[in-house]
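# Inside the fold
Letter by letter, the chains look like this.
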Amino acid sequence: MSKLSRWEVCIGLEIHAQIQSVAKLFSGSSAASKGGSLVPNSRVSFFDAALPGTLPVVNTACVQQALRTARALQSDVQLRSVFERKHYFYCDLPLGYQITQQRAPIATNGVLKFQVQEAKPRAQTTFSSRKEKNAALKAQKDQGMSDTSVHRFMPRVAADEWVEKQVRVNRIQIEQDSGKNIHSLDATHVDLNRAGTGLMEIVFEPDLRSAAEAGQVLREVQHLLRHIGTCDGNMEDGSMRCDLNVSVRPKPTSPDEDVPFGERVEVKNMNSIKNLMKAVEYEMERQVELITTTGGCIEKETRTFDAATGMTKRMRTKEGAKDYRFFPEPDLPPLVISQSFVDEALASLPELPDKMKARLCAMYGLSAYEASVLVLTPGAVEYFEAVCADVSRPHKLVTNWVLNDLFALLKATNTSIAESPVSPERLGQLIDLVVNESISGKMAKDVIELMYYEDARGPADIVQEKGWSQITDEAELRRFCEAVLAEPKAQRNVAAYRGGKTQLFGFFIGQVMKASGGRVHPEKTNEIMRSLLDA
């Protein structure tokens, strides 16, 4: 047993999300801080530059966005919260302190539900004797499986399952962002365009137990904030960042055992989900190795992640609350809001992802996984429901075409569903052709590729020009089957089939498909071919 298998990792996240608003949190300066044409230090007010005598004024729109985020994360909104000064010095923070909400935040006690893949062992098949096992293998081969497929079919490997979990939200607080340092070989330049932009800090409890869980939570939060329009979630631009808290402890020997948390290490400013997961895995290995090999203690410290090496490096010892010298902001009274203000802020919230998933499952018979994929893909739910608008289209068939065929094409071309060359209307028309048996499913796959890559016409026009209409006339299908069976080269296989080698049935159907260019109706062809072979 490896060292890691005896240890449990405990992960907490602190997500910093820039609030989408026109102006900054405490000044009238534009909150736009990104863009190639944006001149450095061109979005800076006197207050952002910390000129003496300037005072902060709370931006109401930022408070409303924080309330919307709190509702989306099922948090308790506090009608009275307090802004505080958090003291630390950086050259891109002109005030010398950050205005934040540490002890009395805008929202507390939330929860986020998410799904993650976990390996679950399949039930083992046991046999009383080798003869029984061989008989089972032979039965599976008779169903047309190759030797490789048979052994893959035998249930003796782990299978991934989607498991629903949840993580608690400790608090959501409103605070200022800092500026940005731009380093060159001989100097560090400071751009204050971002300084003073509103931030929401979302602090999660250390409820996560794997890198996969941490990555999925960050992905869910990113999608949620984009969905409700409170943050653009662009980690590559710095508008959403994440601090990672990692500790390890021995695994509990029973569900009731309460094992205390180990000393936590903070990894600052993770800017991608992939790097976040790598940092969790590295930190777990590093901490377990330090404890088990050298007998050392984990030091409370702040580290940074190096994406090039996949390792974390020490930055400094971790500050405590006393080091920041928190005290209430003297230039701002407590933030007191009314219930009517809260209701007004929440009135424009769209349908939240959890409710949307439940509705998709109830209305269209989707699985929890299928609904989750649609909801987590921007624009996919609207596209799916547009195709389903015609009640004659089977929902399961629409689901398969959207999630499998269309998504595969979008992924191959790195295209969003909003930019899909195949509109919901055209995909619906293609599905109609499959439903009314004008074309086969195999032909439909060729049609959707033509529609996606080169042909802007409707699917019916493409099918007519290519001559791909499905053959459903039973007399014509019978002629195809009889022609295949009449081939001199097929006589030996016909005799073998009638002698008990029934797995050859697929061979005959394949020959019919080849002769017809794949245009024959599969079920009717199977029925006619079986009647001819069994006659």
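Residues numbered from 1 in each chain as written. Predicted model: local features only at pLDDT ≥ 70, side-chain atom pairs only at ≥ 80, totals over all residues. Heavy atoms only, no water.

Structurally, the position occupied by C62 is in helix 1 (residues 60-72). With 351 residues separating them in the primary sequence, C62 and T413 have C-alpha atoms 37 Å apart. When near neighbours in sequence (up to four residues on either side) are disregarded, C62 contacts I19, S21, A23, K24 and L25. (Helix = DSSP H or I, 4+ residues; strand = E, 2+ residues; numbered from the N terminus. Contact = heavy atoms within 4.5 Å.)

Another aspect to go through is the state of the cysteines. Summed over the entire model, instances satisfying the criterion amount to 0 disulfides. Of the cysteine sulfurs around C231, a residue in no disulfide, the closest is that of C62, at 12 Å. Judged by its relative accessible area of 1%, C231 falls in the buried class. (Disulfide = S-S within 2.5 Å. Buried < 20%, exposed > 50% of the residue type's maximum accessible area, 1.4 Å probe, protein only.)

In this section: the UniProt feature "domain: Asn/Gln amidotransferase" (unreviewed entry) in the chain. Following the UniProt record, the feature "domain: Asn/Gln amidotransferase" (unreviewed entry) maps to residues 382-533 here. The distance separating the terminal C-alpha atoms of residues 382-533 is 49 Å; by composition the span is 68% helix and 0% strand. (UniProt positions renumbered as here; feature names shortened; annotations may be inferred.)

When you line up the elements, R209 lands in the loop between strand 10 (198-204) and helix 4 (211-228). In the structure, R209 is positioned 39 residues away from V248 in sequence and 9.7 Å away in space, judged by C-alpha atoms. Contact partners of R209, with chain neighbours within four places excluded, come to E8, V9, C10, I11, R249 and F261. Only 2.8 Å separates the side chain of R209 from the backbone oxygen of P206, close enough to count as a polar contact. (Polar contact = N/O pair within 3.5 Å; in protein donor to acceptor, adjacent residues only side chain to side chain.)

All right, on to the packing of aromatic side chains then. The final tally for this structure, using the stated rule, is 9 aromatic pairs. Ring centres of F26 and F47 lie 6.4 Å apart, and the angle between their planes is 75°; this geometry places the pair in the edge-to-face category. Of this pair, F26 sits in the loop between strand 1 (7-18) and helix 1 while F47 is found in the loop between strand 1 and helix 1, placing the two residues 21 residues apart along the sequence. Here F26 falls in the buried class, since its relative accessible area comes to 3%. (Phe/Tyr/Trp six-rings, centres within 6.5 Å; stacked < 30°, edge-to-face > 60°.)

Take unusual backbone geometry next. A positive phi angle, near 55°, is found at N109, a position not held by glycine. Counting through the fold element by element, N109 comes out in strand 6 (residues 107-121). A positive phi angle, near 65°, is found at E437, a position not held by glycine. Positionally, E437 belongs in the loop between helix 12 (424-435) and helix 13 (441-453).

What follows covers the nonpolar core. Counting residues in each nonpolar core, the largest one holds 66 residues, and the members touching the most others are L13, I15, I106, F204, V217 and L244. Ranked by residue count, the leading element in this core is helix 4, at 8 residues. Contact partners of L244, with chain neighbours within four places excluded, come to I11, G12, L13, V265, E266, V267, M270, L276, A279 and V280. The next biggest cluster of nonpolar side chains, apart from the first, holds 39 residues, and it includes L403, L409, L430 and L450. (Core = buried A, V, L, I, M, F, W, Y, C linked by side-chain atoms within 4.5 Å.)

On to helix 11 (residues 395-413). Between its terminal C-alpha atoms helix 11 stretches 26 Å, which fits the 27 Å expected from 19 residues at 1.5 Å a residue. F407 marks where helix 11 bends most, by close to 35°. Within helix 11, the full set of buried residues consists of V398, T399, W401, V402, L403, D405, L406, F407, L409 and L410. Considering only its buried residues, helix 11 is in contact with helix 9 (368-376), helix 10 (380-387), helix 12 and helix 13. Trailing helix 11 by a residue or two, N414 shows a phi angle of about 50°, which is positive. (Expected span 1.5 Å × (residues − 1). Bend = angle between axes of the 7 residues up to and from the residue.)

Another aspect to go through is the sheet that holds strand 15 (residues 327-328). Within the open sheet, the 3 strands sit side by side as 5-4-15. Their pairing is antiparallel. The strands lining the two open edges of the sheet, one partner per strand, are strand 5 (97-100) and strand 15. For strand 4 (residues 84-87) and strand 5, the ladder comprises 4 bridges, and the chain directions are antiparallel. Bridge pairing in strand 5 links R85 to I99. (Pairing = 2+ DSSP bridges.)

Before going further, it helps to examine the pairing of strand 1. Along a regular strand, successive side chains alternate from one face of the sheet to the other. Most of strand 1 is tucked away: 12 of the 12 residues are buried. Covered by surrounding structure in strand 1 are W7, V9, I11, L13, I15 and A17 together with E8, C10, G12, E14, H16 and Q18, the residues of both alternating faces. Across 11 bridges, the pairing between strand 1 and strand 11 (residues 240-250) is antiparallel. The residue of strand 11 that forms the bridge with V9 is V248. Where strand 1 lies against strand 10, 5 bridges are found, and the strand directions are antiparallel. Of the residues in strand 10, the one forming a bridge with I15 is I202.

Once that is clear, we can look at the packing of helix 4 against helix 8 (residues 353-364). At a closest axis distance of 11 Å, the pairing of helix 4 and helix 8 adopts a crossing angle of 95°. In terms of orientation, helix 4 lies roughly perpendicular with respect to helix 8. Counting all contacts with helix 4, which are made through E220, H223, L224 and H227, the residues of helix 8 involved are P353, M356 and K357. (Axes fitted to C-alpha atoms, helices over the stretch in contact; angles between N-to-C directions. Parallel < 35°, antiparallel > 145°, perpendicular 65-115°, else oblique.)

This part covers the pattern of salt bridges. Two side chains with opposite charge may pair up if their charged atoms get near one another. Enumeration according to the criterion identifies 26 salt bridges in this entry. A salt bridge links E329 to R85; the shortest N-O distance between them is 2.8 Å. On the criterion of sequence distance, the pair formed by E329 in the loop between strand 15 and strand 16 (335-336) and R85 in strand 4 is long-range, its members being 244 residues apart. Judged by its relative accessible area of 13%, R85 is buried. When salt bridges that share partners are traced, they join E283, R286, E299, E301, R303 and R314 into one network. (Salt bridge = Lys/Arg side-chain N within 4 Å of Asp/Glu carboxyl O.)

Here we take up the side chain of E175. Relative to the elements of secondary structure, E175 occurs in strand 7 (residues 158-176). Only 2.7 Å separates the side chain of E175 from the side chain of T100, close enough to count as a polar contact. Excluding residues within four positions of it along the chain, E175 makes contact with H16, L25, Q98, I99, T100, T197, G198, L199 and E201.

This brings us to the pairing of strand 9 (residues 188-191). Here 4 bridges tie strand 8 (residues 180-183) to strand 9, and the two strands are oriented antiparallel to one another. Bridge pairing in strand 9 places K180 opposite D191.

So, about the packing of helix 10 against helix 12. Relative to each other, helix 10 and helix 12 sit at 45°, their axes nearing to 8 Å. Relative to helix 12, the element helix 10 is oriented oblique. As helix 10 packs across helix 12, the resulting crossing turns out to be right-handed. For the pair formed by helix 10 and helix 12, the contact residues are Y383, A386 and V387 on the first element and P424, L427, G428 and I431 on the second. Split by residue class, the contact of helix 10 with helix 12 holds 6 nonpolar, 1 polar and no charged. (Left-handed = near helix turned anticlockwise from the far one by under 90°. Nonpolar A, V, L, I, M, F, W, Y, C, P; charged D, E, K, R; others polar.)

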